[in-house]
Amino acid sequence: MKATLKSLRATTANPAVSVFVKTHREHPANQQDHIALKNQLKVVEERVTNEYDKRTAAAIMENIHAKTDDLDHNYNLDTLAIFASVDDAQIIRMPLDTEERVVISDRFATRDLVRDMASAVHYYTVVVTREYARLIEAVNDRVVVEFDKDSDAQNHMEHIPFPIKNTTLYTTSGADSSAASNEDNYLKEFLNRVDKSVQELWGEHKMPLVIVGDARNISFYKEVCDRPENIIATVDNVTDLDDGSAQHIVDGVQEAVEEYRQSLHEAALGQIDKARGAELLRTDLQEVYQGAFQGAGETLYVRQGYIQSAKIDEKAQTLQIVEDTSGVGITDDAVGEIIEHVIHNGGEVVFLPQDIMGENQPIALVTRY
């Protein structure tokens, strides 16, 4: 999703049509999603027909219908986003709530999505038992997908696709004094194969891992895994690991995810203080904008909900704060412009709660030099 958003941010088109539709994960609520989509597409058709020539309008609608007419709403998440131009259309199912709307401009409306994704914890949950292993992708407290044999990401895997069944369970009589040792070795071998599959998928997206299982299986997994530093949390008190729903599993790891989020906030404060001591910190909005525009930004820290209107002159690389957004050349979200520059130039964006970044310092840019 992040890679797709990055590509969309870099695209200019005339027009660039962005459509957001609220959807549902479960039956029977998702039976209404096709109606909601149809209603939004009527709005799109009316607008592009009224605002553009017939050829452009027809191309836009043809591209959208090619991607939406046969859409299976059984796979919906919380929002369906459509980004269309005369050349193509892209569909994204998102585990995020957004305002239902149609936006037509020369750029796709990705700014709110970028904010939401940058402030989210996006992770894999690896579920391991003696007999079975599952892999669930999640954002915050919401499931994105549980990997199965039909998952596109697993079509050409070198290692075993998820879910993975342990086909080499060791069994022996209690009279065998080496039974426990043999059982441990067989289990470690299984978990090592599981980790090989995890690492292959991890290599595409570099997401952190939450390991779920009993204490013994978690310990063995950490012992045999290739990259233990990627594990952000372990949880050993979740029930129904083999048969419980993916959402049940994700619900059970939320305390650990929140602790990880808090650790990120504490680390962020440390990085800000370190950068301030090294004179690599900018907190004035004009200086932050200039650093972001020039590609000097390594990490941008932003208070959640911080939006500032301003007049931006890219040629002069200046930003002037304004209160009246009705003037020419005024953007109502200069912070969003800064965020896009930082990400475009390879930097990271971290959102921090208001109790950490207050009114006096709503934004801070750590620079590379």
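Here the structure is a predicted model, which is why all the values come from computation and not from measurement.

1. Some thoughts on the overall build of the protein
When you go through the protein residue by residue, the secondary structure sums to ten helices and 17 strands. Dimensions of the protein, computed from the C-alpha atoms along their principal axes, are close to 85 × 55 × 30 Å. Here the protein, with 369 residues, has 47% of them falling under the buried criterion. When the accessible surface of the protein is summed, it comes to about 18,900 Å², and 45% of that surface belongs to carbon and sulfur atoms. Once the 36 positive and 63 negative side-chain charges of the protein are each reduced to a mean point, those two points are 3 Å apart.

2. Thoughts on the sheet that holds strand S15 (residues 330–331)
Within a beta sheet, neighbouring strands are joined by backbone hydrogen bonds and run either parallel or antiparallel to one another. The antiparallel open sheet is built from three strands, whose spatial order is S14-S13-S15. Whereas interior strands pair on both sides, the edge strands pair on one side only; in this sheet they are strand S14 (318–321) and S15. Looking at chain direction, strand S13 (residues 310–313) and S14 are connected through four bridges and run antiparallel. Along S14, the bridge assignment pairs Lys311 with Gln320. Against the sheet, helix H10 (residues 334–344) makes contact with S13, S14 and S15, and its axis sits at roughly 40° relative to S13, the strand it touches most.

3. Focus: the packing of aromatic side chains
By convention here, two paired aromatic rings are described through the distance between centres and the angle between planes. Applying the stated criterion across every chain yields a total of four aromatic pairs. Consider the rings of Phe83 and Phe108, whose centres lie 5.7 Å apart with planes at 80°: the pair is edge-to-face. Linking Phe83 in strand S2 (residues 79–84) with Phe108 in the loop between strand S4 (101–107) and helix H4 (111–118), this pair joins segments that are 25 residues apart in sequence. Given the relative accessible area of 9%, Phe108 is considered buried. Summarising the aromatic geometry, the rings of Tyr124 and Phe147 are spaced 5.8 Å apart at their centres and angled 75° between planes, so their arrangement reads as edge-to-face.

4. Description of the layout of surface pockets
Volume-wise, the second largest pocket comes out at about 600 Å³. Around the second largest pocket, the lining is made up of 21 residues, and of these Arg107, Phe108, Arg111, Glu337 and Glu340 lie nearest the centre. For the lining of the second largest pocket, the secondary structure elements donating two or more residues are helix H1 (2–9), S4, H4 and H10. Element by element, the count of residues in the lining of the second largest pocket is highest for S4, at five residues. Taken together, the residues of the lining of the second largest pocket break down into five nonpolar, four polar and twelve charged.

5. Observations regarding unusual backbone geometry
Cis geometry is adopted by the peptide bond preceding Pro28, which originates at His27 and carries an omega value of 10°. Here Pro28 is to be found in the loop between strand S1 (12–22) and helix H2 (33–51). Residue Phe162 is joined to Pro163 through a cis peptide bond whose omega torsion reads -5°. Looking at the element boundaries, Pro163 is found in the loop between strand S7 (142–146) and strand S8 (164–165). With phi around 55°, Asn140 is a residue other than glycine that occupies positive phi space. Positionally, Asn140 belongs in the loop between strand S6 (132–139) and S7. One non-glycine residue, Asp240, adopts positive backbone phi at about 50°.

So, how was this worked out
- Residues numbered from 1 in each chain as written.
- Predicted model: local features only at pLDDT ≥ 70, side-chain atom pairs only at ≥ 80, totals over all residues.
- Heavy atoms only, no water.
- Helix = DSSP H or I, 4+ residues; strand = E, 2+ residues; numbered from the N terminus.
- Buried < 20%, exposed > 50% of the residue type's maximum accessible area, 1.4 Å probe, protein only.
- Areas by Shrake-Rupley, 256 points an atom, 1.4 Å probe, with all protein chains shown as cover.
- Lys, Arg positive; Asp, Glu negative; His and termini not counted.
- Charge placed at Lys NZ, Arg CZ, Asp CG, Glu CD.
- Pairing = 2+ DSSP bridges.
- Contact = heavy atoms within 4.5 Å.
- Axes fitted to C-alpha atoms, helices over the stretch in contact; angles between N-to-C directions.
- Phe/Tyr/Trp six-rings, centres within 6.5 Å; stacked < 30°, edge-to-face > 60°.
- 1 Å grid on protein atoms, 1.4 Å probe; cavity = no way out; pocket = protein on both sides within 12 Å on 5 of 7 lines; lining within 4 Å.
- Points joined across faces, edges and corners; volume = space filled by probe spheres on them.
- Nonpolar A, V, L, I, M, F, W, Y, C, P; charged D, E, K, R; others polar.

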